[in-house]
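# Observations on the three-dimensional arrangement
Next come the chains, spelled out residue by residue.
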Amino acid sequence: MKSLAALFLACLALALLPNAMPEAAPNTPTPIRIAQITATPLPFFTPPPTDTPTDTPTPTITLTPTITLTPSITPTPTIAPTQIGTAVPGLLSGDSALWTPPAPTNRVGGNFLFGRPFSFRHNTYWSREYGYGSTKRGQLQIHHGLDFANPHGTAIQAVGDGVVYYAGADVERLFGPRPDFYGILVVIEHPFMYSTGEKIYTLYGHMRETVAYNGQQVKAGEVIGYVGATGVALGAHLHLEVRIGDPESYDATRNPELWLTPYEGAGVVAGIVRDIYGNKLEGVQLELQAPGNNHLTFSYSGTRVNGDNILGENFVFADVNTGYYYLTVKGADGALAHRQMIYVWAGQVTFVEVHLLP
Ligand SMILES: [Zn+2]
């Protein structure tokens with residue numbers, strides 16, 4: 001009996017250890033491991049044979065699985081789907097301030113208003129190397145949108161319902177820093193309101209041709225043109241932007257990754273990376289790591305491209321499958337500067353704020 005009690009206590013202690021959560025496999029649900037501990041039958045529970053064989057002992061020491069623990073770090077998504085998820089407290093070193101931003105009012109009917117600009121038969125993912133706010137490690141000018149590579153002539157779809165604000169070339173009418181920047185483009189005005197009360201637009205650049213016309217009512221998924229490389233473009237691709245307020249202002253963009261609906265089972269991670277003085281840091285490499293599932297992004301400057309008015313983010317990971325991840329940040333010297341565990345909810349924005357120590 002004594003040894004049993006000791007073993008029971010050992011099991012309990014093991015189950016209660018905060019380190020019981022797997023470190024190497026952060027997205028493995030912990031309940032499975034704990035259930036295995038409690039469910040394992042202990043061989044010496046079999047009552048020893050007594051002198052009188054007729055005296056069948058009753059199995060009085062059958063353990064009920066009382067130590068089935070609900071892991072305390074499994075976040076229950078109690079918040080409404082339109083709200084932003086709270087990051088799970090960091091489990092490792094690093095000065096991670098956790099902050100739950102106010103519920104976004106800038107999105108109507110959910111966090112994500114738009115679909116993809118291509119059908120599923122084509123490439124619906126954008127270049128992660130040259131993301132929003134990126135200079136592709138100093139090689140290109142700062143990016144105000146996302147680039148979707150698809151062959152010349154691939155049909156481009158409107159990402160949401162709206163009215164065509166402009167369809168044509170940007171030679172006489174400027175939408176970028178100089179004439180013929182976007183080549184043949186389409187701008188759609190959507191029937192949603194931003195947090196500031198301003199209108200929301202999407203811009204589609206570098207088209208080979210457009211089949212849309214000014215004032216046209218379009219539906220999400222409707223073909224508005226075809227992929228090309230007009231304007232300032234390296235090869236055939238679609239350049240997609242989200243603009244707020246002024247559809248003709250190059251400085252009115254926001255990160256489309258916060259607007260494109262993630263695929264089922266996936267969510268978005270947005271955040272701010274700062275130094276200890278509170279300054280937002282630019283060009284910081286951030287990684288989300290889970291076994292067989294890694295994501296890479298870079299932070300952007302809030303002065304060269306805008307973050308969301310409410311979130312104020314300067315980095316985003318999009319299309320992240322739900323689960324646990326390590327968020328790691330490397331310093332300029334390549335050494336690990338920050339590491340914490342976060343949980344990504346499907347269909348939501350998980351917000352995390354990182355302060356880097358000097
Ligand atoms: Zn682009």
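Relevant structure appears above.
Read on for an overview of the structure. (Residues numbered from 1 in each chain as written. Predicted model: local features only at pLDDT ≥ 70, side-chain atom pairs only at ≥ 80, totals over all residues. Heavy atoms only, no water.)

### Section: the side chain of H338
The residue H338 is located in strand β16 (residues 336-344) in this model. Taking the relative accessible area as the measure of exposure, H338 reaches 2% and is therefore buried. (Helix = DSSP H or I, 4+ residues; strand = E, 2+ residues; numbered from the N terminus. Buried < 20%, exposed > 50% of the residue type's maximum accessible area, 1.4 Å probe, protein only.)

### What about the coordination of the zinc ion?
Coordination sphere of the zinc ion, protein contribution only: H143 (NE2), D147 (OD) and H239 (ND1), at 2.0 to 2.1 Å. Each donor residue of the zinc ion belongs to the same chain, and together they define the spacing H-x3-D-x91-H. Of the two residues, D147 sits in strand β2 (residues 146-149) while H239 sits in strand β9 (residues 237-244), which places them 92 residues apart along the sequence. Of the residues examined, D147 reaches a relative accessible area of 11% and is grouped as buried. (Donors = N, O, S within 2.8 Å, 3.2 Å for Na, K, Ca; no water.)

### Concerning the nonpolar core
Grouped together as the largest cluster of nonpolar side chains are 41 residues, with contacts concentrated most on V186, Y204, I224 and W259. Of the residues forming this core, the biggest block, four residues, is contributed by β9. Looking at this core, you find at least three residues from each of domain 2 (85-105 + 265-356) and domain 3 (146-258). (Core = buried A, V, L, I, M, F, W, Y, C linked by side-chain atoms within 4.5 Å. Domains from an automatic or database assignment.)

### Side note on the packing of aromatic side chains
Between two aromatic rings, the relevant description is the distance of the centres plus the angle of the planes. Taken as a whole and assessed by the stated rule, the structure comprises 15 aromatic pairs. An aromatic cluster of at least three residues, connected via ring pairs, comprises F114, F192, Y194 and W259. The ring of Y125 has R116 sitting right over it, with the charged end atom 5.8 Å from the ring centre. Just above the ring of Y326 sits the side chain of R339; from NZ or CZ to the centre is 3.9 Å. (Phe/Tyr/Trp six-rings, centres within 6.5 Å; stacked < 30°, edge-to-face > 60°. Lys NZ or Arg CZ within 6 Å of the ring centre and 35° of its normal.)

### Regarding the sheet that holds strand β13 (residues 293-298)
The strand order β13-β12-β15-β16 describes an open sheet built from four strands, whose pairing is antiparallel. Here the strands that pair on one side only, and so sit at the sheet edges, are β13 and β16. Going from strand to strand, the sheet's axes swing by 20° on average, the running direction of each strand aside. Examined bridge by bridge, strand β15 (residues 323-330) and β16 share eight bridges and lie antiparallel to one another. Bridging across to β16, G323 finds its partner in V344. (Pairing = 2+ DSSP bridges. Axes fitted to C-alpha atoms, helices over the stretch in contact; angles between N-to-C directions.)

### Things to note about the pairing of strand β5 (residues 184-193)
In this sheet, β5 lies alongside strand β4 (residues 162-169) in antiparallel orientation, the contact comprising six bridges. Pairing of G168 across the sheet is with L185, part of β5. Taken together, the seven bridges between β5 and strand β6 (residues 199-210) define a ladder with antiparallel strand orientation. Each bridged residue has a counterpart across the sheet, and for H190 the counterpart in β6 is I200.

### Points about the pattern of salt bridges
Going through the model one piece at a time under the given rule, you end up with ten salt bridges. The partner of K136 in a salt bridge is E129, and the shortest N-O contact between them spans 3.7 Å. Here K219 makes a salt bridge to D161, at a shortest N to O gap of 3.7 Å. Of this pair, K219 sits in the loop between β7 (217-218) and β8 (223-227) while D161 sits in the loop between β3 (155-157) and β4, and the two are 58 residues apart along the sequence. On the basis of relative accessibility, which here comes to 53%, the residue K219 falls in the exposed class. Several salt bridges converge on common partners, so that one network encompasses R116, R128 and D319. (Salt bridge = Lys/Arg side-chain N within 4 Å of Asp/Glu carboxyl O.)

### Looking at a nonpolar patch on the surface
A surface patch of nonpolar side chains, about 360 Å² in accessible area, is lined by I276, Y277 and L357. Among the structural elements, I276 can be located in the loop between β11 (266-275) and β12 (285-290). For I276, a relative accessible area of 39% corresponds to the partly exposed category. (Patch = residues over 30% accessible without salt bridge, like charges linked within 9 Å, V, L, I, M, F, W, Y side chains within 5 Å. Areas by Shrake-Rupley, 256 points an atom, 1.4 Å probe, with all protein chains shown as cover.)

### Section: the environment of D275
Here D275 shows up in strand β11. As for D275 and L356, which are separated by 81 residues in sequence, their C-alpha atoms are 5.0 Å apart. Not counting the four nearest positions on each side in its chain, D275 is found in contact with L281, H355 and L356. A distance of 2.9 Å separates the side chain of D275 from the backbone nitrogen of Y277, its partner in a polar contact. (Contact = heavy atoms within 4.5 Å. Polar contact = N/O pair within 3.5 Å; in protein donor to acceptor, adjacent residues only side chain to side chain.)

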